[in-house]
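Remarks on the overall topology
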There are 2 protein chains.
Amino acid sequence: MDHSFHNDLIVIDGLQYSNWNRDIFKQLHAGGVTMVHATIVYHEKTQETLKRVAEWNRLFESNADLIMPIRSAADIRLAKQIGKVGIMFGAQNCSPIEDDIGMIEVMRELNMMIMQLTYNNQSLLACGCYESEDSGVTRFGKQAIREMNRVGMVVDMSHSAERSTLEAIEISERPIVISHANPLSFHHAKRNKSDTVLKALGESGGLLGFSLYPFHLKNGPDCTLNDFCEMVARTADLMGVDHIGIGTDLCQEQPVSVLEWMRNGNWSKEMDYGEGSKSNADWPKPLSWFRDSRDFPHITYGLLEQGFSQDEVSKIMGLNWLNFLDSALQPIR
Amino acid sequence: MDHSFHNDLIVIDGLQYSNWNRDIFKQLHAGGVTMVHATIVYHEKTQETLKRVAEWNRLFESNADLIMPIRSAADIRLAKQIGKVGIMFGAQNCSPIEDDIGMIEVMRELNMMIMQLTYNNQSLLACGCYESEDSGVTRFGKQAIREMNRVGMVVDMSHSAERSTLEAIEISERPIVISHANPLSFHHAKRNKSDTVLKALGESGGLLGFSLYPFHLKNGPDCTLNDFCEMVARTADLMGVDHIGIGTDLCQEQPVSVLEWMRNGNWSKEMDYGEGSKSNADWPKPLSWFRDSRDFPHITYGLLEQGFSQDEVSKIMGLNWLNFLDSALQPIR
């Protein structure tokens, strides 16, 4: 198959958490990915986050022919131009800032461009989607959003509960994202989002990245490319085609112990199975049409087949993310 | 005045946060205090808490003639017997355990006998009394309470919001405390507690320590001893005389900078004035009849004057705390 249309695109993946190594970077490269938002921490606190940054610095050094750090939106264009895969740092929990608002700017100086206010559970900032009730953004959370706005760090509510998400959209003076989730109407899962949230997100100038994690998809690992692309089309109708992108949630080569840690952190003495269950505790089986980053072209051509124009596909595959980040990563001076 | 009745009592102060030094220990001694629950941390995290413990160890060493560490309820009786002031460690926030349930047992092994689930703001465990809404005890909070129950660490909801407090009473398999607060009906303050909470606390076998911090008192620093003792009497009617004690919230020799840190931690870029206000930002003026720990006898004789029997006064001044701790500090084997 001729991938020249795909290969000309700026392709942005709004979230991956892989066990990063040279093979995975090669796959990203082969899949024509311009930039990936790489989760560098889940539950790590400030000092552990610095260690993750140091590990990444070593990866940048030893894989300089394949990858480069993203320190601004301009770097994404540069990555495309020089044929490297840009790596943008992000946090799936607010643990890197611990209880210190000053750590937001410190983390941004270390190129942490995006941070979730919560990861499933209640955090100091807001409520996660696994709590039974959600009282919204906290006192600290309100100040944290304002500070993230100021320094140009994107607010990500992918793992947050409904009310907190709506409040974050309202409180934030800059548009926010849900980097990796799908509409609840497509598949009922705690992590997927209601039409109310998605509409508010789109109307506020925000962005949704569609997840390819089987737990977020209709029929799980058996979800077809066609089902996925139909969902994209329906969501484009709901939110507008300028407010959607991709956020695969690809977690490659991670052992089950990492999945357990993602789900349980250190807070639980029992086993929490997250989106799985006791009898289904492992990573889900991957989609046949999206096994790893080399399969990105399948999405591009699936969307064209679905009836999206080439312009629209360019937006969904990366330009919407790029346009969003062009503004969102600028600090307010 | 003959203080022999007072001097024979076991006197327990359910909370102080002073800038501990030899003079303050002498005052505790002079006031006939058998044991004080000393806040050793507010916002300190795990490692900083270890430093506070180390500082206390030095204080124990250099003031061994005056004070002794409390490592069990039996140590309180020992302190009385040998004429020393017992120091029981406590935390006003759950920050020492960070996000790690395993730290509860570690802290208990370091003789942290009591911990608040929140300090004014939302924590990872529950909601504080300064948030606009309270969604109750979190997923982590439920597990933390169970673990505190197991290791014999007392749950303290003094700075928590109403719903979280009621849920903690319900969830905890062992009685809990509100170590330092007063009835809302006596003085309207965010930190004071409704009759609903106080009744549930008493019925569950818990304990309220009456605060002498002027912001928690009717007429503030001008509250009279008689007003205070009347409040105690009314609360005894509500909760039962076995479920009340003292928790002065005495904060001696602390500079305003410490008050600001107590109120703001590291979470705020603005100044939060807590129970004060911009025009009233300093520590409150102390009560004329309770300037420091030497004034404990005033409370004892005030309560007798109020009509409490000697037995009842013994309970309120310390025996209720002692009975509570006799059971509460036992780990479940």
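Structure first, text after, so check above.
Throughout what follows, the structure given in this document is the object of discussion. (Residues numbered from 1 in each chain as written. Chains lettered and ligands numbered in written order. Predicted model: local features only at pLDDT ≥ 70, side-chain atom pairs only at ≥ 80, totals over all residues. Heavy atoms only, no water.)

Residues and elements named next belong to chain A. With respect to burial, strand 2 (residues 35–41) is a largely interior element, seven of its seven residues being buried. Summarising the sheet, strand 1 (residues 12–16) and strand 2 pair through three bridges and their orientation is parallel. Looking at the pairing, Asp13 lines up with Val36 of strand 2. For the handedness criterion, the β-α-β arrangement of strand 1, helix 2 (residues 22–30) and strand 2 is classed as right-handed. Here six bridges tie strand 2 to strand 4 (residues 85–91), and the two strands are oriented parallel to one another. For Met35, the partnering residue across the bridge sits in strand 4 and is Gly86. (Buried < 20%, exposed > 50% of the residue type's maximum accessible area, 1.4 Å probe, protein only. Helix = DSSP H or I, 4+ residues; strand = E, 2+ residues; numbered from the N terminus. Pairing = 2+ DSSP bridges. Right-handed = clockwise from strand over helix to strand, strands pointing away.)

To continue, consider the relation of the copies chain B and chain A. With an RMSD of 0.0 Å, the operation that places chain B on chain A is a rotation of 180 degrees combined with a shift of 0.0 Å along the axis. Both copies of the chain, as the preceding transformation shows, are related through a two-fold rotation axis. Judged by C-alpha distance, Ser135 of chain B is the residue of chain B that lies nearest the rotation axis, at 2.7 Å. Comparing contact sets, 100% of the residues at the interface of chain B also lie at the interface in chain A, consistent with an isologous, same-surface contact. (Least-squares fit on C-alpha atoms with pLDDT ≥ 70 in both. Contact = heavy atoms within 4.5 Å.)

One pass over the structure, following the stated rule, counts 30 aromatic pairs over all chains. On the basis of an interplanar angle of 80 degrees and a centroid distance of 4.4 Å, the ring pair of Tyr17 of chain A and Tyr42 of chain A is categorised as edge-to-face. Taken together, the residues span a long stretch of sequence, with Tyr17 of chain A in the loop between strand 1 and helix 2 and Tyr42 of chain A in the loop between strand 2 and helix 3 (46–62) at a distance of 25 residues. The two residues Tyr17 of chain A and Tyr42 of chain A agree in class, both being buried. Ring centres of Trp20 of chain B and Trp56 of chain B lie 5.4 Å apart, and the angle between their planes is 55 degrees; this geometry places the pair in the tilted category. In this pair, Trp20 of chain B sits in the loop between strand 1 (12–16) and helix 2 (22–30) while Trp56 of chain B sits in helix 3 (residues 46–62), placing the two residues 36 residues apart along the sequence. (Phe/Tyr/Trp six-rings, centres within 6.5 Å; stacked < 30°, edge-to-face > 60°.)

Residue-level contacts link 29 residues of chain B with 29 residues of chain A. For the chain B and chain A pair, buried surface summed over both sides reaches about 2900 Å², with 39% attributable to carbon and sulfur atoms. Counting the contacts that link chain B with chain A gives twelve salt bridges. Taking the shortest distance from any N to any O, the salt bridge between Glu270 of chain A and Arg146 of chain B comes out at 2.5 Å. The tally of links from chain B across to chain A stands at 24 residue pairs in polar contact (both at pLDDT 80 or more). Sorting elements by how many residues they give to the side of chain B that touches chain A places helix 6 (residues 139–151) of chain B first, with six residues. Residue composition of the side of chain B that touches chain A, by class: five nonpolar, nine polar and 15 charged. (Buried area = accessible area lost by both parts, 1.4 Å probe. Salt bridge = Lys/Arg side-chain N within 4 Å of Asp/Glu carboxyl O. Polar contact = N/O pair within 3.5 Å; in protein donor to acceptor, adjacent residues only side chain to side chain. Nonpolar A, V, L, I, M, F, W, Y, C, P; charged D, E, K, R; others polar.)

Turning our attention to unusual backbone geometry. At Glu98 of chain A, a position not held by glycine, the phi torsion is positive, near 45 degrees. With respect to the helices and strands, Glu98 of chain A occurs in the loop between strand 4 and helix 5 (102–109). The phi dihedral of Asn111 of chain B falls on the positive side, at around 70 degrees, and the residue is not glycine. Tracing the sequence through the fold places Asn111 of chain B in the loop between helix 5 (102–109) and strand 5 (112–116).

Residues and elements named next belong to chain A. Residue position: Ser18 is located in the loop between strand 1 and helix 2. Within the structure, Ser18 has its side chain in polar contact with the backbone nitrogen of Gln252 (distance 3.0 Å). Setting aside chain neighbours within four positions, we find Ser18 in contact with Ile24, Leu250, Cys251, Gln252 and Gln254.

Bringing the packing of helix 5 of chain A against helix 6 (residues 139–151) of chain A into the picture now. Residue and element names in this part refer to chain A. Two numbers describe how helix 5 lies on helix 6: the axes approach to 9 Å, and their chain directions differ by 30 degrees. By the criterion of interaxial angle, the relationship of helix 5 to helix 6 is roughly parallel. Seen from above, helix 5 lies across helix 6 with right-handed handedness. Within the contact between the two elements, helix 5 uses Ile104, Glu105 and Arg108 and helix 6 uses Ala144, Glu147, Met148, Arg150 and Val151. (Axes fitted to C-alpha atoms, helices over the stretch in contact; angles between N-to-C directions. Parallel < 35°, antiparallel > 145°, perpendicular 65-115°, else oblique. Left-handed = near helix turned anticlockwise from the far one by under 90°.)

Treat this as a map of the structure, not an account of what it does.
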